[in-house]
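In case you want the letters, here they are:
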Amino acid sequence: MPRAKALPAELDPTARQLATRLRRLKDHSELTMRHLAAKTGYSAKSWERYLGGTSLPPRAAVEALARITGADPVPLLALHEIAADTWESRRTKPVEQSLATTRNNTAEEEQEQPEKPTGPRPAPPAPSTAPPTPPATGPAPARFPHMALTAGLAALSVSLLAALLLVLRLDEDGAPAAVPAASPTTMASAPPSYTCRITRVDGHWSAGINDGRDTEIVYGATGTDVAEAQCLLRRAGISPGGIDGMFGPLTLRAVKTFQERAGLVVDGMLGPRSWKALRG
């Protein structure tokens, strides 16, 4: 597994602690970014930012990671709440300071006015015998070009900084960026939810999901057969993670543990013999 990049040095201590714990959960469960995206609904790019400390994960993303790894979400959500307050203040403070600096500079420039010359007035020029020069046609030059230019630049700077502040506050880190909640594509890609209804049917255990099939399934498989196996593994006292119908790392580990306890070949594949042992 490649070594994770170091967290940014300027990261707030609470946000650093949250990112570190999320990294540990992800590494301990051997989940890849692709698995995180499939199981949580947040894109792999978003998880790279969350775990890299460049973006604060939404509360729902923290809850989803805790759920699929079997961790207690309460301390993680407490850290997230504190980190969210400090994260927001850290992002808006530099912009507010820039606005204040721009206003101060503008006020100082407007106060700088050229001093009027003092002393005796110069003598009027001697009368000239040359014919008077006709007045020039066209617009007269501006009286205060320096002040007008300064005021225009100041107004433009304030407008741009205000727009930047608005964009920062509406950043996509407050909600899933790559997978909007209302998008039809998101609804189609989210993993389905299954409910375990453990019963005894003709002397065998059943979760009521795949109608008692014993189809061979391997790592990477998805669907009702995987969900049935996850329910039966949980009934046997071995946690496969969530009941999501995805044969991922946690389910693979649970299958191997069960096969070892049952005295079967530990190959991580659920075939007829493993199904028979699961159903009792």
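### Concerning the state of the cysteines
Reasoning step 1: In this structure the tally under the stated criterion is one disulfide.
Reasoning step 2: Across the disulfide from C196 sits C231; the S-S distance is 1.9 Å. Between C196 and C231, the disulfide has an S-S torsion of -80° and is therefore left-handed. Note that C196 is positioned in the loop between α7 (184–189) and β1 (199–201) and C231 in helix α8 (residues 224–235), a separation of 35 residues in sequence.
Reasoning step 3: Among the residues examined, C231 registers a relative accessible area of 2% and is labelled buried.

### Observations concerning helix α2 (residues 33–40)
Reasoning step 1: Those residues of α2 that sit buried are H35, L36, K39 and T40. An end-on view of α2 places all buried positions within 105° of arc, on one side of the element.
Reasoning step 2: Tucked into the core, α2 has its buried residues touching α1 (13–28), α3 (44–52), α4 (59–69) and α9 (249–262).
Reasoning step 3: Where α2 terminates, the next one or two residues include G41, which has phi positive at roughly 90°.

### Considering the side chain of S29
Reasoning step 1: When you line up the elements, S29 lands in the loop between α1 and α2.
Reasoning step 2: Of note is the side chain of S29, whose polar atom sits 2.9 Å from the backbone oxygen of L25.
Reasoning step 3: Only 3.2 Å separates the side chain of S29 from the backbone oxygen of K26, close enough to count as a polar contact.
Reasoning step 4: Setting aside its immediate chain neighbours within four residues, S29 contacts T69, P249 and L250.

### Things to note about the packing of aromatic side chains
Reasoning step 1: In this structure the tally under the stated criterion is three aromatic pairs.
Reasoning step 2: Ring plane angle 70° and centroid distance 6.4 Å describe the contact between Y42 and Y50, whose orientation is recorded as edge-to-face.
Reasoning step 3: Relative accessible area serves as the criterion here: at 8%, Y42 is assigned to the buried category.
Reasoning step 4: Each ring, one from Y219 and one from F247, has its centre 6.4 Å from the other, and the planes form 75°; the classification is edge-to-face. Placement of Y219 in the loop between β2 (204–206) and α8 and of F247 in the loop between α8 and α9 is noted, with a sequence separation of 28 residues between them.
Reasoning step 5: Under the relative-accessibility criterion, Y219 is labelled partly exposed at 42%.
Reasoning step 6: Owing to a relative accessible area of 3%, F247 belongs among the buried residues under this scheme.
Reasoning step 7: The rings of Y42, W47 and Y50 are connected pair by pair, giving a single aromatic cluster.

Cut-offs and rules
- Residues numbered from 1 in each chain as written.
- Predicted model: local features only at pLDDT ≥ 70, side-chain atom pairs only at ≥ 80, totals over all residues.
- Heavy atoms only, no water.
- Disulfide = S-S within 2.5 Å.
- Helix = DSSP H or I, 4+ residues; strand = E, 2+ residues; numbered from the N terminus.
- Buried < 20%, exposed > 50% of the residue type's maximum accessible area, 1.4 Å probe, protein only.
- Arc of directions from axis to C-beta.
- Contact = heavy atoms within 4.5 Å.
- Polar contact = N/O pair within 3.5 Å; in protein donor to acceptor, adjacent residues only side chain to side chain.
- Phe/Tyr/Trp six-rings, centres within 6.5 Å; stacked < 30°, edge-to-face > 60°.

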